[in-house]
Amino acid sequence: MNSFKKYLKTIELRNFVMIGALLLIWVVFSTLTGGSFLLTRNISNLVRHMALVGILGIGMTMVIITGNIDLSVGSILGAMGGLAAVLHVWYGVGTYQTIGIVLLVSMIIGTAQGAIISYLKVPAFIVTLGGLLIFRGVQLGLTKGISIAPFADTYKIYGQAYIAPSIVWVLAIATSIVLFLLDAKKRSDRIKYKFEVSNFGIFIGKNVVLTLIILFVAFILNSYRGLPMQVFLMMLLVVIFTFVTQKTTFGRSIYAMGGNFEASLYSGIKVKRNLVIVYAINGLMAGIAAVVITARLNAGTPTAGMNMELDAIASSVIGGTSMSGGVGKVYGAILGALFMASIDNGMSMMNIDAYWQYIVKGVILVVAVWFDIYSSKKA
Amino acid sequence: MSNKILEMQNITKIFPGVRALDDVCLQVNNGEVHAICGENGAGKSTLIKILSGVYPEGTYEGRILINDEEHVFSGTSAAEKVGIVCIHQELELIPDLTVAENIFLGKYPHKFGVVDWNEIYSQTRELLKEVGLHRESQDEEGRQVKPTDIIKHLGIGQRQLVEIAKALARDAKILILDEPTAALTETEVETLLGILEELRSRGITSIYISHKLDEVMHIADRVTILRDGKSIGSDDIKNITKNDIIRMMVGRELTNLFPYEDHKQQDKVLEIKNYSVQDPDIPGRFLIKDVNIHANKGEILGISGLMGAGRTELFTSLFGAFPANSVGDIFINGEKVSIKSPVDALSHGFALVTEDRKRYGLILGMDIKENTTMASLEDISKLSVIDMNQEIALTQELIEKLKTKTWGVEEKAKNLSGGNQQKVVLQKALLTKPKILVLDEPTRGIDVGAKLEIYKIMNQLVEEGVVIIMISSELEEILGMSNRIYVMAEGRITGEFTAKEANQENIMQAAVGGMV
Ligand SMILES: Nc1ncnc2c1ncn2[C@@H]1O[C@H](COP(=O)(O)OP(=O)(O)OP(=O)(O)O)[C@@H](O)[C@H]1O
Ligand SMILES: [Mg+2]
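A. Molecular detail of the confidence of the model for chain B. All names here are of chain B. A residue-level look at chain B finds 97% of positions with pLDDT of 70 or above and a mean pLDDT of 88. Taken together, the stretch residues 138–142 has pLDDT below 50 and engages in three contacts with residues farther than four places along the chain or on a different chain. Of the two predicted TM-score estimates for the complex, the pTM is 0.84 and the ipTM is 0.89.

B. Up close: the pairing of strand S4 (residues 61–66) of chain B. Residues and elements named next belong to chain B. Across five bridges, the pairing between strand S1 (residues 4–15) and S4 is antiparallel. Across the sheet, Thr12 pairs through a bridge with Glu61, a residue of S4. Judged from the three bridges that link them, S4 and strand S5 (residues 69–71) form a sheet pairing that is antiparallel. For Leu65, the partnering residue across the bridge sits in S5 and is Glu70. Between S4 and S5, which pair antiparallel in sequence order, lie two residues; one of them, Asn67, sits at a positive phi of approximately 50 degrees.

C. Highlighting the pattern of salt bridges. This model, assessed by the stated rule, comprises 34 salt bridges over all chains. In this structure, A:Asp189 engages A:Lys185 in a salt bridge whose closest nitrogen and oxygen atoms are separated by 2.8 Å. With A:Asp189 and A:Lys185 both in helix H8 (residues 165–192) and four residues apart, this pair spans about one turn of that helix. Exposure remark for A:Lys185: the relative accessible area of 46% places this residue in the partly exposed category. With a closest N to O distance of 3.6 Å, B:Glu474 and B:Lys451 form a salt bridge. In this pair, B:Glu474 is assigned in the loop between strand S22 (467–471) and helix H16 (475–481) and B:Lys451 in helix H15 (residues 448–463), connecting sequence segments 23 residues apart. For B:Lys451, a relative accessible area of 11% puts it in the buried group. The structure contains a network of salt bridges with shared partners spanning A:Arg252, B:Glu370 and B:Glu391.

D. Here's a closer look at the packing of aromatic side chains. By the definition in use, this model includes twelve aromatic pairs over all chains. Look at A:Phe29 and A:Phe37: their rings are 5.5 Å apart centre to centre, the planes differ by 40 degrees, and that puts the pair in the tilted class. Accessibility classification places A:Phe29 together with A:Phe37 in one group, the buried group. Ring centres 4.5 Å apart and planes at 35 degrees place the aromatic pair A:Tyr266 and B:Tyr360 in the tilted group. Of this pair, A:Tyr266 sits in helix H12 (residues 261–266) while B:Tyr360 sits in helix H11 (residues 357–361), each in a different chain. In terms of burial, A:Tyr266 and B:Tyr360 fall into one category: buried. One aromatic cluster is present, built from ring pairs that chain together A:Tyr266, B:Phe319, B:Phe350 and B:Tyr360. When the ring centre of B:Tyr55 is taken as origin, the NZ or CZ atom of B:Lys13, which lies over that ring, is 4.3 Å away. A cation sits over an aromatic face here: B:Lys273 above B:Phe331, 4.9 Å from the ring centre.

E. Summary view of the environment of A:Gly54. Secondary-structure assignment places A:Gly54 in helix H3 (residues 40–65). Those residues in contact with A:Gly54 that lie beyond four places of it in its chain are A:Met234, A:Ile334 and A:Ala337.

F. Highlighting the interface of chain B and chain A. On the side of chain A, 26 residues touch chain B, which itself brings 34 residues to the contact. Summing the contributions of chain B and of chain A, the shared interface buries around 2,400 Å²; its carbon and sulfur component is 61%. Looking at the side of chain B facing chain A, the largest losses of area belong to B:Tyr360, B:Ile363 and B:Asn389, adding up to 21% of the total buried there. One can count four salt bridges joining chain B with chain A. One salt bridge in this structure joins A:Arg190 and B:Glu410, with 3.2 Å as the shortest N-O distance.

G. View of the sheet that holds S22(B). Residues and elements named next belong to chain B. Judged by pairing direction, the sheet is mixed, and its six strands sit side by side in the order S18-S21-S22-S15-S23-S24 without closing on themselves. Edge positions in the sheet fall to strand S18 (350–353) and strand S24 (492–498), since each of these pairs with one other strand and no more. The sheet shows a mean angle of 20 degrees between the axes of neighbouring strands, taken without regard to direction. Across five bridges, strand S15 (residues 300–305) lies against strand S23 (residues 484–489) in parallel orientation. Paired with Ser304 across the bridge in S23 is Val487. Helix H9 (residues 311–318) rests against S15, S18, strand S21 (436–440), S22 and S23 of the sheet, and its axis sits at about 135 degrees to S15.

H. The side chain of B:Thr46, seen in detail. All names here are of chain B. Here Thr46 shows up in helix H1 (residues 44–51). Classification of Thr46 by relative accessible area gives buried; the value is 12%. Residues within four places of Thr46 in sequence aside, it is in contact with Lys13, Phe15, Ala20, Leu21 and Tyr55.

I. Up close: the packing of helix H7 (residues 153–160) of chain A against helix H13 (residues 271–297) of chain A. All names here are of chain A. Closest axis-to-axis distance for the H7/H13 pair is 7 Å, and the angle between their directions is 105 degrees. Compared by their axis directions, H7 and H13 come out roughly perpendicular. Only Val291, Val292, Thr294, Ala295 and Arg296 of H13 make contact with H7, whose side of the interface consists of Tyr155, Lys156, Tyr158, Gly159 and Gln160. Considering only residue class, the contact of H7 with H13 consists of five nonpolar, three polar and two charged.

J. Representation of the site of ligand 1. All names here are of chain B. Lining the immediate surroundings of ligand 1 are 20 residues, of which Gly41, Lys44, Ser45, Thr46 and Gly419 lie closest. Here Asn40 contributes a side-chain N or O atom positioned 2.9 Å from an oxygen atom of ligand 1. One nitrogen or oxygen atom from the main chain of Ala42 is found 3.2 Å from an oxygen atom belonging to ligand 1. For ligand 1, the accessible surface in isolation is 640 Å², of which the surrounding protein chains cover 91%.

K. How the structure looks around the domain arrangement of chain B. Residue and element names in this part refer to chain B. Domain boundaries in chain B define domain 1 (1–83 + 173–255), domain 2 (94–171), domain 3 (256–349 + 434–446 + 462–516) and domain 4 (359–433). Computed over C-alpha atoms, the centres of domain 1 and domain 2 are 27 Å apart. Buried area between domain 1 and domain 2, summed over both chains or domains, comes out near 980 Å², and the portion from carbon and sulfur atoms is 69%. Together, Glu80, Ala183 and Ile195 form the three largest contributors to the area buried by domain 1 at its contact with domain 2, with a combined 36%.

Cut-offs and rules
- Residues numbered from 1 in each chain as written.
- Chains lettered and ligands numbered in written order.
- Predicted model: local features only at pLDDT ≥ 70, side-chain atom pairs only at ≥ 80, totals over all residues.
- Heavy atoms only, no water.
- pLDDT = per-residue confidence, 0-100.
- Contact = heavy atoms within 4.5 Å.
- Pairing = 2+ DSSP bridges.
- Helix = DSSP H or I, 4+ residues; strand = E, 2+ residues; numbered from the N terminus.
- Salt bridge = Lys/Arg side-chain N within 4 Å of Asp/Glu carboxyl O.
- Buried < 20%, exposed > 50% of the residue type's maximum accessible area, 1.4 Å probe, protein only.
- Phe/Tyr/Trp six-rings, centres within 6.5 Å; stacked < 30°, edge-to-face > 60°.
- Lys NZ or Arg CZ within 6 Å of the ring centre and 35° of its normal.
- Buried area = accessible area lost by both parts, 1.4 Å probe.
- Axes fitted to C-alpha atoms, helices over the stretch in contact; angles between N-to-C directions.
- Parallel < 35°, antiparallel > 145°, perpendicular 65-115°, else oblique.
- Nonpolar A, V, L, I, M, F, W, Y, C, P; charged D, E, K, R; others polar.
- Near = heavy atom within 4 Å.
- Polar contact = N/O pair within 3.5 Å; in protein donor to acceptor, adjacent residues only side chain to side chain.
- Areas by Shrake-Rupley, 256 points an atom, 1.4 Å probe, with all protein chains shown as cover.
- Domains from an automatic or database assignment.

Set out below in structure tokens:
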């Protein structure tokens, strides 16, 4: 029992509060909606809804970790959606060619913005604010102010298809096993270096709980059609970029740059190049999100992506990323996105006017940051 | 009536994982200069942070009595109210404000609510004069500090003196100085000690923390010694010798403080020809003028000079990190190289440990292992994936080598004591396996025992074929360790001496030589 208490202390307080708050609002919404919030169809809906912001949040988190900001991703997403529609619908470019071009162009846009910030030393806020206006303009120009439809079925997969339940089970079990093996390796390494580790029972218990959660999520999603494609994409990207940020030299460098830019420079870190790469990745995320949104709507629209940069920033920050740089986790953005999507979803199910959603999300954002400042002062 | 102005009784302070202070007692008499000595991590800074309200009541155990009356402080302003003013080890000036704004921060004199800037500037000028930063004579272009200068444009030593001016402006009854002289040159130290004497004659009590024991012997009336968070003893300076203090600090006798070795000098490794660096602030003016120097394999090359002589600027520029243009040639092993950034420098085996560890050296929010490997990430990774096990093993090796005091490689840099932070910066430099290692004030803030360790490591590196270039403002250290010495003044090389030729007089002469 005692060692269990000790274990609880090592889990970051923040994650605890975050998950507690999530459970709380789910309980509240379930009661208030008479249980329909928890219907598998609604949950499936909710996670599909969060995927877009989640994908943008991944890139945004990396940008904020370096101590910068990107206000342009919503507009890039919109413009790339327009580009995809024009190419695919009006010019008959094939699905894969279209997607390839969209991803490439979005990455080039990110690279260009990053280069202006990094090499020409124009503040990120200004460059990406400019980008916000420019690409909103591009979006309107490309779409000529109308919705462009329809997309081919091969394209719509990325926003509408589901991965079949049998495959989801396989994925879930494989993920559980891999996570367990990684944790076991980490534990044995720590023992080798005589670091403190939690006792064996807790180690097993933790992994059993984690596996149960994964299987439970799979079960819920499988009770309604399976795993939505865009959610799968989001998860894949989280895994990739968690690895990149936590395990690679590049990832370490971007934390260092946000923690102390001058010290990173003096340590021989290629600070300028890294910053460009971070913006390139962020552009790419906007491109991926553009593919997802056009596939989901089955159209390129003149308004897609409006204000989405703000949602992305909010989900990063709610997920624990510090605006002053050097602190944050990619998966935090996913929790943040889930949080915000839950509020959107729950409130609209209760038929509360949309304006309340803005107000509530705004309050939560401020409270989350206050909590971070408060808890870091206490420690 | 008792003569004690301050008594701290049975102070215990626990951080997660460390007992920083364990039942420590401190008694300070009215009007004396009371020194506190102890190794890095002994708990000196922690003790005075408790006294000055940084760690408020409730975060520690024990009692604080001032004039026999118990006080509890809810914060620094509460401590300031009873006249306890502290200059902390880590400087706390606001970099973007001016000198005057910093000195009067929060206490601006005003007339009817309007800040009286004339008053502020004239008072600031007086204070700057007191700490020797402002001179009346205008005939020299030497770097005078004006009340309107922005803090971030000042050197670290100048900032330290501004910090002292700020404390003087606050009417302290008990003035606490945590390693105030670590960043100062000899003349500045003299100024500071003069100020302390002056304050003592006015009846103000000072608490003085320093690793420079000669200063302690010179200025202090009494001394208290801490070791591993415990008070070892207090005594009048009259009754005690420097060696007694060292023995109480480290728990054993240290005889030879400078383990000088007459290394065998070999070929030139680094050669600088006609090197000049522009002033980033004043176009057309040169900070470094026509420097020609070289460094040989197998030597410790000392670089001496007064503050503002351009030593740091010269080597930062050679390292590719100085924000101004330079002209001239750099040769490494006879080959001309072009160094445009620290990346280039490190790839040529040229490493630099900067004097300002907080700004250029450490990432405070990261842990020891991450800081240690920061400049060697490529070496500990395969296909860009960091080998975390190797990272831990290498860091632990260096921690042992440098005797860094910490509970483990996962301790955050910001939780380390000042001296141990310095060791982490050294760890980072050593891990790059440099061929040329420039150490800018390498023992600043480091205790006698650890200093000795660092000197031994320098010797060992030289034996392994590394060229060590040591910039230092401590003449003793320069004379005690260098095989060869250059002296700089006003951006020029004004003297070159072998270890045999060099002495205090000819180095000082060269150091002021450029200023005529
Ligand atoms: N915020 C903190 N969190 C955890 N440990 C800390 C913290 N601050 C200090 N410590 C630990 O407390 C001990 C005493 O530190 P302190 O800064 O008082 O040493 P010091 O005597 O001033 O050393 P130095 O001469 O190097 O400045 C050290 O082991 C240090 O690592
Ligand atoms: Mg200290």
